[in-house]
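# Fold and contact review
Listed below are the residues making up each chain.
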Amino acid sequence: KVQIDGFRKGKAPLNLIKKIYGEGIEYKAAEKFATDYFWKEIEKEEKQPISTPSITEFEISSDKGLKCKISYEVIPDIEIKDYLDLEIKKLKIEYNEKNATKEIESLRKYNSELKDVDIIDDKNCVATVKFSKISDNPDEKIEPITQPVDLSNENIKEDLLNLLMGKKVGDVFDYNYEEKKENETKLHKYNCEILKIQKYDIQPLSEEKIKIYSKNAVSTEEDFKKLLIEENQNYFNKISEDTAENE
């Protein structure tokens, strides 16, 4: 394809071409030959590279000719043995009536109002408590902390829950809290006063709320409970199937 004045296209002497264009044209031609040869051999061996082939070694000389190495990746041959007798344990998650009841109770609580009461008679109460820390140093002044304590919260400490049960507005009591840090345990002492008590006025879910939560699928709590069980169990079954397929 090289055109040199005085010669027909493709008929110029090789030594003249090298003199004019340098050794680069020889390397370019050799590289093209190596690439074409590679694909012919790949086709013969019926291999299918999954990466772009690249020349990693390339040598060319007038006495030894062309020598090169081409690197490429192929899909490995994988032999699967004895897979028919393999046992895959499916993840079993059950969403039952107890779970549905708990979820409905949470929705009832979420939609309820807090009303003032005089005594803590069950876990559906919220007590506003003033915590005054008792320091070992009598000269140290620590500002009291006032915060609401929801007795229905699953994270409430059991000893504090027991102390609050049966208490009335104005009652005072001591509460000791152990803080554990690595190998050290620090005791915090508080004098507590109940400033206010409120209780969740929990009522059955209204038909309007049930329709909203069920996307108009049902209108009663009983049907809503069945719907929760069905939908959640189907969801967990799918997770189990997907997990088993990926094992």
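Up top you'll find the structure we're talking about.
A short tour of the structure in this document, coming up. (Residues numbered from 1 in each chain as written. Predicted model: local features only at pLDDT ≥ 70, side-chain atom pairs only at ≥ 80, totals over all residues. Heavy atoms only, no water.)

So, about the overall build of the protein chain. Within the protein chain, the regular secondary structure consists of six helices and seven strands. Counting from the amino terminus, helix and strand elements in the protein chain follow one another as α-α-β-β-α-β-β-β-α-β-β-α-α. Taken across its 247 residues, the protein chain has 20% of its residues classed as buried. Of all intrachain contacts in the protein chain linking residues separated by at least 6 positions in sequence, the fraction that spans at least 24 positions is 54%. As displayed, the protein chain offers around 19700 Å² of accessible surface, 47% of which is attributable to carbon and sulfur atoms. (Helix = DSSP H or I, 4+ residues; strand = E, 2+ residues; numbered from the N terminus. Buried < 20%, exposed > 50% of the residue type's maximum accessible area, 1.4 Å probe, protein only. Contact = heavy atoms within 4.5 Å. Areas by Shrake-Rupley, 256 points an atom, 1.4 Å probe, with all protein chains shown as cover.)

Looking now at the packing of aromatic side chains. One pass over the structure, following the stated rule, counts three aromatic pairs. Here a set of aromatic residues connected by ring pairs shows up, and it is made of Tyr95, Tyr235 and Phe236. (Phe/Tyr/Trp six-rings, centres within 6.5 Å; stacked < 30°, edge-to-face > 60°.)

In this model helix α3 (residues 97–110) runs 20 Å from its N-terminal to its C-terminal C-alpha over 14 residues, within 8% of the 20 Å that 1.5 Å per residue would give. By the burial criterion, the buried members of α3 are Ala100, Ile104 and Leu107. Projected down its long axis, α3 carries its buried residues within an arc of 55 degrees, all on one side. For α3, the elements touching its buried residues are α5 (207–213) and α6 (221–245). The opening residue of α3, the one whose side-chain oxygen lies 3.1 Å from the backbone nitrogen of lysine 98, is asparagine 96. (Expected span 1.5 Å × (residues − 1). Arc of directions from axis to C-beta. Polar contact = N/O pair within 3.5 Å; in protein donor to acceptor, adjacent residues only side chain to side chain.)

So, on to the environment of lysine 133. As for its position among the elements, lysine 133 is in strand β4 (residues 125–134). Separated by 42 residues in sequence, lysine 133 and tyrosine 175 place their C-alpha atoms 9.4 Å apart. Excluding its chain neighbours within four sequence positions, the residues that come into contact with lysine 133 are Ile142, His188, Lys189 and Tyr190. A polar contact of 3.0 Å, which involves the side chain of lysine 133, links it to the side chain of histidine 188.

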